[in-house]
Amino acid sequence: MASPTTPVSWASYLRWMLATLVACVALVGAINVFIDPLGIFGSPRIAGLSATKPYLDHHRELTRWQAARRLCPSAGIFGNSRAEIGFDPEHPAFAARGLSAFNYALPNAPVSTVYRELNWLATTGCSPSEAIIGLEFYDFFGSTEAVPLPPADTPPAIDGKVLAETVFSITGLRDSAKTAALQRARYAATLTERGFNPLDNYIAEVDNSGHYILFRQRADENARNWGRKAKAIQPAEGQSIDQQALDALLAGIQTSGGKARLVIYPYHAEIRLMQARLGLADLFNDWKRMVVAIAARHPGVEVWDFSGIGPETLETIPAPGDRKTHLQYFWEAGHFKRALGDKVIARVMGTADADGRFGIQLTPDNIENVIAADRKQLDTLLTTPSPLLTEVDDVVGKRR
């Protein structure tokens, strides 16, 4: 027979369990805010515990937005993963001009994302006085529908859903543990306070597999992806969403009194040869003409082309099985290292140590001459036997 005190004991037990649960959730939340893996709360960065932040695959827009709001930088780097891992916002060229830079670039971010980011910055009075905007041919490639540009949306916010996912969750606790662990890691995937992803974790990838594997995997992926798309860069009638976004964001920068520098990324020669073998070389040139024409509608906008054939983009791909060679400029054909990105920034910012041989400013007056000279260099590569051409033909041949 139960004692008279049993109900009271049971209620006390439930209260104790509830209090324990609340305390545990509160403790987890406090730890996650204190460590702040995403850097969205602005918690102090403590050496040996949380100074270095991990590169995470969630809430990337919010991460950059919160950091940018705190810093309100005067210069911005925009684009996709090529800009994210290649353009260092702490390049001395920015400080030489009295600028504080931030890297807003995101993986797979088209021009429409850059347009959204610039609109968000305008709402806080942090529009950049100078912007370097990386442009991707493959964002425009395959455009066949004239889709209207969506209206400006609101910036990402720390709402209840974000708190549930990043603070009061096992996922958040796992991210905090990862943050603490990577402080001692040699080659960790990290994101700097200014939005730069140095891709140090790829050093270990090269040590383990070699550059050749990275190049070949990317080449096979590119061949598959390009083959699925229509050979077009704009609709038959009207403009693609990326054309509209580029036009609109340049108008916005001009209205705010800022300066825009459009950058056509440096691609390894392997990509240029694959374009030619797959019948995309002329379309690539038409795209350059389109970019120059759009920029010409906005006085003061500069267009810089780094996709040409040269010593940097002809960097020799290590042989299969070579795990000792670390390239100076490229991780694989599409993603370049900070060393090459530094040369791009120095060139477009006009620093004294800029290499005048690398990259060229495109204008309506010189675009046809530049294209003709580039086509001649490309034709030479296509008619001269080389290990690079053999590799390209093997990739394209298997795809076909």
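Residues numbered from 1 in each chain as written. Predicted model: local features only at pLDDT ≥ 70, side-chain atom pairs only at ≥ 80, totals over all residues. Heavy atoms only, no water.

S.K.: What am I meant to see in the overall build of the protein here?
M.R.: The number of helices and strands found in the protein is 16 helices and 8 strands. Projected onto its principal axes, the C-alpha coordinates of the protein cover approximately 95 × 55 × 45 Å. Counting all 400 residues of the protein, 48% fall into the buried class. Summed over its atoms, the accessible surface of the protein is roughly 18,400 Å², and 56% of this surface lies on carbon and sulfur atoms. Each charge class in the protein was averaged separately, 41 positive and 43 negative side chains, and the resulting centres sit 4 Å apart. (Helix = DSSP H or I, 4+ residues; strand = E, 2+ residues; numbered from the N terminus. Buried < 20%, exposed > 50% of the residue type's maximum accessible area, 1.4 Å probe, protein only. Areas by Shrake-Rupley, 256 points an atom, 1.4 Å probe, with all protein chains shown as cover. Lys, Arg positive; Asp, Glu negative; His and termini not counted. Charge placed at Lys NZ, Arg CZ, Asp CG, Glu CD.)

S.K.: Could you clarify how one ought to interpret the packing of aromatic side chains in this entry?
M.R.: Here a ring pair, both rings aromatic, is described through the centre-centre distance and the interplanar angle of the planes. If you walk through the whole model with that rule in mind, you get 19 aromatic pairs. Ring centres 6.0 Å apart and planes at 65° place the aromatic pair Trp 65 and Trp 120 in the edge-to-face group. Taken together, the positions of Trp 65 in helix H2 (residues 60–71) and Trp 120 in helix H5 (residues 111–123) put the pair 55 residues apart, joining distant regions of the chain. Each member of the pair, Trp 65 as well as Trp 120, is classed as buried. Each ring, one from Tyr 265 and one from Phe 336, has its centre 6.2 Å from the other, and the planes form 45°; the classification is tilted. Placement of Tyr 265 in the loop between strand E6 (259–264) and helix H12 (269–277) and of Phe 336 in the loop between strand E7 (302–305) and helix H14 (338–349) is noted, with a sequence separation of 71 residues between them. Here the two residues Tyr 265 and Phe 336 agree in accessibility, since each one is buried. Members of the aromatic cluster, connected to one another through ring pairs, are Phe 137, Tyr 138, Phe 140, Phe 141, Trp 226, Tyr 267, Phe 284 and Trp 287. Lying across the ring of Trp 331, Lys 337 places its NZ or CZ 4.4 Å from the centre. Taking the ring centre of Phe 358 as reference, the NZ or CZ of Lys 343 above it sits at 5.6 Å. (Phe/Tyr/Trp six-rings, centres within 6.5 Å; stacked < 30°, edge-to-face > 60°. Lys NZ or Arg CZ within 6 Å of the ring centre and 35° of its normal.)

S.K.: What is the right way to read the pattern of salt bridges from this model?
M.R.: For side chains bearing opposite charge, pairing can occur when the charged atoms are close. Using the criterion set out here, one finds 24 salt bridges in the structure. When the shortest N-O distance is used, the salt bridge between Arg 297 and Asp 247 registers 2.8 Å. Taken together, the positions of Arg 297 in the loop between helix H13 (281–296) and E7 and Asp 247 in helix H11 (residues 241–255) put the pair 50 residues apart, joining distant regions of the chain. Judged by its relative accessible area of 44%, Arg 297 is partly exposed. Two residues, Arg 357 and Asp 355, come together in a salt bridge whose shortest N-O distance is 2.9 Å. Classification of Arg 357 as exposed rests on a relative accessible area of 61%. When salt bridges that share partners are traced, they join Arg 97, Glu 130, Lys 259, Arg 261 and Glu 302 into one network. (Salt bridge = Lys/Arg side-chain N within 4 Å of Asp/Glu carboxyl O.)

S.K.: I would appreciate a short explanation of the packing of H2 against H5 in the present structure.
M.R.: When two helices pack together, their arrangement is captured by the angle between the axes and the distance separating the axes. Interaxial distance between H2 and H5 falls to 11 Å at its minimum, and their mutual angle equals 35°. Relative to H5, H2 is oriented so that their crossing is right-handed. Side by side, H2 and H5 meet where Glu 61, Trp 65 and Ala 68 of the first sit next to Thr 113, Arg 116, Trp 120, Leu 121 and Thr 123 of the second. Along the lines of polarity and charge, the residues of the contact of H2 with H5 split into 4 nonpolar, 2 polar and 2 charged. (Axes fitted to C-alpha atoms, helices over the stretch in contact; angles between N-to-C directions. Left-handed = near helix turned anticlockwise from the far one by under 90°. Contact = heavy atoms within 4.5 Å. Nonpolar A, V, L, I, M, F, W, Y, C, P; charged D, E, K, R; others polar.)

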